[in-house]
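An overview of the molecular structure
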Amino acid sequence: CCQEQMVQASGSRETRRPPCAVMGRGLPGCVLAALLSGADGFLIGVDLGREFFKIAAIAPGKPFEIVYNRHSTRKTPTAVSFFESVRGFGDDAVAQQGKAPEKVIGFYPSLLGADFTGKQPDSGLPEDYFPYKLSLDEERGAVHFNFDDQMMSIEEVAAHVFSFMRGISESFIGSKELRDVVVTIPALATQRQRQAIIDAVEIGMGTDKVSLIHETAAAAIQRAMDIEEKAAPAPEPEIGEDGQPKPVAPTKHVIGSGGNTNVLFFNMGARHVESCVMRYHWQEGSPGVSVPVIKTLGCGATDGAGGFFADLEIANKMLDAFVDEHKSKAGVRQSKRALKKILAAAKKAKHVLSANKDARFAVEGLFEDTDFAKQIARTEFEEWCQPMFDKLIQPVEEALKISGLSMADIDEVEVVGGGWRIPKVQSMLSDYIQGKRPEDAVQLPLGQHLNGEEAFAMGAAFYSANASVTLRTKAVQFTDLSFHEYSMHLSKKGGGDYSKKVKFAPVGSVLGAHKIVSLKDTDFDLEAQILENGVVISTYDITGIAAACKQNEGVPPVVDIDIGLDASGLVDFRSAEVVFETTPEAAPDAEAAPEPVLNVVEAKIALTGQTKPLPMTAAQKEEIRSKVEERNTYESEIKDIDATRNALEGYIYQSREKLESESLQAVTTSDGREQLTQALNAAGEWLDNNAHKANLKTLKEKLESVKAEFGPVLKRQREAEDRPRLKESVEKTLGLWSKTKKHVKKDMPWVDEDEVEKVQEMVDAFTVWYDEAQAQQKDQPPEEDPVFRVADAKQRIMKIVKASKDLTNIKKSVAEKKQDAEYWKKKVAVEDEGFDEEDYEEFKAKANESGSLTTETDAMKAYYEHVKAKKRGDNKDNVEL
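Residues numbered from 1 in each chain as written. Predicted model: local features only at pLDDT ≥ 70, side-chain atom pairs only at ≥ 80, totals over all residues. Heavy atoms only, no water.

1. Re the overall build of the protein
Counting its regular elements, the protein contains 22 helices and 34 strands. Scored against the burial criterion, the 881 residues of the protein give a buried share of 47%. At a minimum sequence separation of 6, the contacts of the protein that also span at least 24 residues come to 69%. About 44300 Å² of surface is accessible on the protein, with carbon and sulfur atoms providing 48% of the total. (Helix = DSSP H or I, 4+ residues; strand = E, 2+ residues; numbered from the N terminus. Buried < 20%, exposed > 50% of the residue type's maximum accessible area, 1.4 Å probe, protein only. Contact = heavy atoms within 4.5 Å. Areas by Shrake-Rupley, 256 points an atom, 1.4 Å probe, with all protein chains shown as cover.)

2. Observations regarding the nonpolar core
Inside soluble globular proteins, nonpolar side chains tend to come together where they are buried. Ranked by size, the top nonpolar core spans 109 residues in total, and within it Phe 162, Ile 314 and Phe 361 carry the most contacts. Among the elements that make up this core, the one with the highest residue count is helix α5 (residues 307–325) (10 residues). Discounting residues that sit within four places of it in the chain, Ile 314 has contacts with Ala 346, Ala 349, Lys 350, Leu 353, Phe 361, Ile 376, Phe 381 and Trp 384. (Core = buried A, V, L, I, M, F, W, Y, C linked by side-chain atoms within 4.5 Å.)

3. So, unusual backbone geometry
For residues besides glycine, phi is generally negative; the peptide bonds are generally trans as well. Residues Lys 612 and Pro 613 are joined by a peptide bond in cis, for which omega reads 0°. Following the sequence through the fold, Pro 613 ends up in the loop between β34 (604–610) and α13 (618–659). Residue Ser 72 is not a glycine yet carries a positive backbone phi of 60°. Looking at where Ser 72 falls in the secondary structure, it is placed in the loop between β5 (65–66) and β6 (76–77). Of the residues examined, Ser 72 reaches a relative accessible area of 55% and is grouped as exposed.

4. Focus on the state of the cysteines
If you walk through the whole model with that rule in mind, you get 1 disulfide. Disulfide pairing places Cys 276 opposite Cys 299 at an S-S distance of 2.0 Å. Disulfide Cys 276 to Cys 299: torsion about the S-S bond roughly 115°, handedness right-handed. Placement of Cys 276 in strand β18 (residues 273–284) and of Cys 299 in strand β19 (residues 290–302) is noted, with a sequence separation of 23 residues between them. (Disulfide = S-S within 2.5 Å.)

5. Section: the packing of α13 against helix α16 (residues 696–747)
The relative placement of two packed helices is expressed as an angle between their axes plus a distance between the axes. Axis separation between α13 and α16 bottoms out at 10 Å; the angle between their running directions is 30°. Regarding the angle of α13 to α16, the classification is roughly parallel. Judged by the twist between their axes, the crossing of α13 over α16 is left-handed. Of the residues in α16, those touching α13 at Glu 637, Asp 640, Ile 641, Thr 644, Arg 645, Ala 647, Leu 648, Tyr 651, Ser 655, Lys 658 and Leu 659 are Leu 696, Leu 699, Lys 700, Lys 702, Leu 703, Val 706, Lys 707, Phe 710, Gly 711, Leu 714 and Gln 717. Tallied by class, residues from the contact of α13 with α16 come to 11 nonpolar, 4 polar and 7 charged. (Axes fitted to C-alpha atoms, helices over the stretch in contact; angles between N-to-C directions. Parallel < 35°, antiparallel > 145°, perpendicular 65-115°, else oblique. Left-handed = near helix turned anticlockwise from the far one by under 90°. Nonpolar A, V, L, I, M, F, W, Y, C, P; charged D, E, K, R; others polar.)

6. A look at the packing of aromatic side chains
If you walk through the whole model with that rule in mind, you get 23 aromatic pairs. Here the aromatic rings of Phe 322 and Phe 372 are separated by 5.5 Å at their centres, their planes lie at 90°, and the arrangement is edge-to-face. Here Phe 322, found in helix α5, pairs with Phe 372, found in strand β21 (residues 370–377); they are 50 residues apart in sequence, far enough to count as distant. Both residues of the pair, Phe 322 and Phe 372, count as buried. (Phe/Tyr/Trp six-rings, centres within 6.5 Å; stacked < 30°, edge-to-face > 60°.)

7. Remarks on the pattern of salt bridges
A complete count under the given rule lists 33 salt bridges for this structure. Here Lys 621 makes a salt bridge to Asp 199, at a shortest N to O gap of 3.4 Å. You can see Lys 621 sitting in helix α13 and its partner Asp 199 sitting in helix α3 (residues 191–205), a full 422 residues away along the chain. Using a relative accessible area of 15% as the deciding quantity, one classes Lys 621 as buried. The closest approach of N and O atoms between Glu 414 and Arg 223, which form a salt bridge, is 3.7 Å. Here Arg 223 lies in helix α4 (residues 215–224) and Glu 414 lies in strand β22 (residues 412–416), a separation of 191 residues in the sequence. Relative accessible area serves as the criterion here: at 5%, Arg 223 is assigned to the buried category. Here the salt bridges share partners, and the residues they tie into one network are Glu 51, Asp 311, Lys 347 and Lys 350. (Salt bridge = Lys/Arg side-chain N within 4 Å of Asp/Glu carboxyl O.)

8. Let's talk about the confidence of the model for the protein
Predicted coordinates in areas of low pLDDT are best not read in detail. Confidence along the protein averages 87 in pLDDT terms, with 89% of residues attaining 70 or more. Every residue in residues 1–38 is under pLDDT 50, and counting partners more than four places away or in other chains gives 139 contacts. (pLDDT = per-residue confidence, 0-100.)

9. Here we look at helix α18 (residues 790–808)
Taking 1.5 Å per residue as the helical rise, α18 with its 19 residues ought to reach 27 Å, and the 27 Å between its terminal C-alpha atoms agrees with that figure. Restricting attention to buried positions, one finds in α18 the residues Val 790, Ala 793, Ile 797, Ile 800, Ala 803, Ser 804 and Leu 807. End-on view of α18: buried residues confined to an arc of 150°, all on one side of the axis. Turned more than 90 degrees away from the buried face of α18, the exposed residues are Met 798, Lys 799, Lys 802 and Lys 805. (Expected span 1.5 Å × (residues − 1). Arc of directions from axis to C-beta.)

10. Here's the deal with a negative patch on the surface
Together, Asp 752, Asp 754, Glu 757, Glu 761 and Asp 764 make up a region of like negative charge exposed at the surface. Relative to the helices and strands, Glu 757 resides in helix α17 (residues 753–779). (Patch = residues over 30% accessible without salt bridge, like charges linked within 9 Å, V, L, I, M, F, W, Y side chains within 5 Å. Lys, Arg positive; Asp, Glu negative; His and termini not counted. Charge placed at Lys NZ, Arg CZ, Asp CG, Glu CD.)

11. Considering the sheet that holds strand β7 (residues 79–81)
On the basis of which strands lie adjacent, the open sheet formed by 3 strands has the order β8-β7-β9 and antiparallel pairing. In the strand order of this sheet, the two ends are held by β8 (88–89) and β9 (104–106), each with one partner. (Pairing = 2+ DSSP bridges.)

12. What to know about the packing of helix α2 (residues 154–173) against α13
Close contact between α2 and α13 brings their axes to 10 Å; oriented N to C, the two are set at 45°. One finds that α2 runs oblique with respect to α13. Crossing of α2 over α13 shows right-handed handedness. For the pair α2 and α13, contact is made by Glu 156, Ala 159, His 160 and Ser 163 and by Ile 624, Lys 627, Val 628, Arg 631 and Asn 632, respectively.

13. Considering helix α10 (residues 423–435)
Residues spaced three or four apart along an α-helix point in a common direction, a consequence of the helix completing one turn every 3.6 residues. Helix length check: α10, at 13 residues, gives a terminal C-alpha distance of 18 Å against a target of 18 Å (1.5 Å per residue), a fit within 8%. Buried within α10 are the following residues: Val 425, Met 428, Leu 429, Tyr 432 and Ile 433. Around the axis of α10, the buried residues are gathered within 130° of arc, so they sit on the same side. Residues of α10 that are exposed and angled more than 90 degrees away from the buried face: Asp 431 and Gly 435. Looking at the buried residues of α10, the elements they touch are β17 (261–268), α8 (386–389), α9 (393–403), β22 and β23 (446–447).

Written out as structure tokens, the structure reads:
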């Protein structure tokens, strides 16, 4: 008696509805929104790669942008160093691998949520290059890194990096209001891996507004911004009985065959290859607007291939070659610095081989002052990597199988990630694609429409923008799927022979969709085990069923369990209800049967057990968050101390140099300079003795005391240097005012004389002040503070300049314009659609016979009235003026 129904929202019996496209945190039918309004805060999408991470951000008034790190690069190694008292991140961390590789943690994302139950934890990296010391937390079963006497969980390691990500994002955007975060994950990530990433983000970034998106799906969303809609071919018209073609309905805009475009994405990263089939089509949105709709059809993946494995192949072969050439230097295999050099050179060689048929592998001073160089042919490199290349097609075949399609159904191929640039990867993929298509099918090129390394972060940021109604961008509907099977095993709590297994999310289920599992004749409390791919991951007690049945004795119960996956792919056990349906007795005179009455009792759901590795508890997350924040605060103070110490040291050295300058000696006495020299020497000696033990407050106080001693002398020096240039400025300003005054009086008669006089008074007052100040300054000893500051004089000058400019900007009033002949001439031109010079001169000559016109303005004004009279038809020989 078990019934199942897919629902998308609440699960109440009245509001069940079919699944629809999901975007954001479980929001049904979502339409992506992004370019912003005035809301505060910013959103980020994080591409958490195993070797590098990228961040895309969007904030009010700004477009989607890739965040630059502190080295002004767009991608950052996913690494953190605990070698020194101040952590190193990204390239700074990688630079310390040669000194303490066991304390520089990189390539760690695959360890988040990894299950090593009953096994020795393994980083999956060659121990020679990455000698990490790993252990399992006995309580949680999670991976821990061991540094000397310290243990650090994998979530804490990741939290430090996520904290760094937030810091560089805030610096890039210029805001500390982080609103939402979306992080990319592999499509085949498990429940524990998803939860571990969310926990690390919440700890490191200090926010609980975290969502996950499958990395290739994120790239597919970004691709939707560029795919163009294509018109379907017009159908052949049917011929009617009259022999004439029937009318053809307007052609809808579609893409691909059958209205769909199926795109195969091939995503090759550093240590992971993923392939997904995505379907695009268009549907009508607002009138006249087509909305792209994206749906994931299938995904496959392998962790046994990637660009990093190619680096290792080259590094290992070159290490062996070095030892073969220098047998007495086999100790190179234990040299941290040498191994780092080899791996770095291997990466460079791989890049060269992607564009050339051979490459020179060279490392100067590789080991014990011995240089090493060797030529590598691309054919050799491909032979070394062949075992890895053999794994590349498997994800493609898995994706096609799950999607139920063949290569004949694929319309486009898109390659993303950094690893696909290896020529052999491209040729193998092209050969497979063409070999699986019909002979007469169109050849499919490997599309490179996206920035293969930034599309994930940009797509994740676009996805993140959906969380806010204040953002606006191109509308896109998106549906993603789960590629694990999730089932629920129900049994009677306390024991019994009741047992039922329900697949509530089989492979290919829509993320964000829920299922109502209805159980009839169940009058007892239940135990529910949640299984992922047949393995129990958690156990819940569903209680209150038996008590509700006793209260409604005689009425058969129906237990409705609402369970599914949220948009991040996590199991969402939403509710359990006990429903009792009764039908009242009909009245004798009733025409229709009475409506059934529902009594719904909510059961209690309690998590009672989980299998290892266990997710972090709220208390554990808070403890690590405090550690990360304390470390951030400590390092911030260390950086401030370094900056203040450097500022103090620099001020002392610069001041000593300035004591030797002629300009400073001119404003000091020999005794004064001796006193300053002693003060600077004392400060320098204090710094030598206290540089590494003084706290921030003490350093700041010392810097201020040195500035207080030396500052007045520097001010006198600057004043003495600036005073000659001030004289030039004063003379130039007074000269300009004189020209401005003449111009205004001659060419701007509408400017009131009082306005000119006000500026003149300002100039006169300044001149008096300046002459007196100069006279007093001449009598002032140079080693004493100046009578006036150059800045004060410049401020007065700027007021004169502004007043002069304002004077020349005074416009004529309308009344003043009417005193100008040009004003009336323009009005004639408008009235008469042009100006007839001959007619005007004739009119003026006739009018002057009366002797009434005394100025050109009078004549032009009278001519204007004459033109208006002519247009009215009042054209008399005698013009009255």
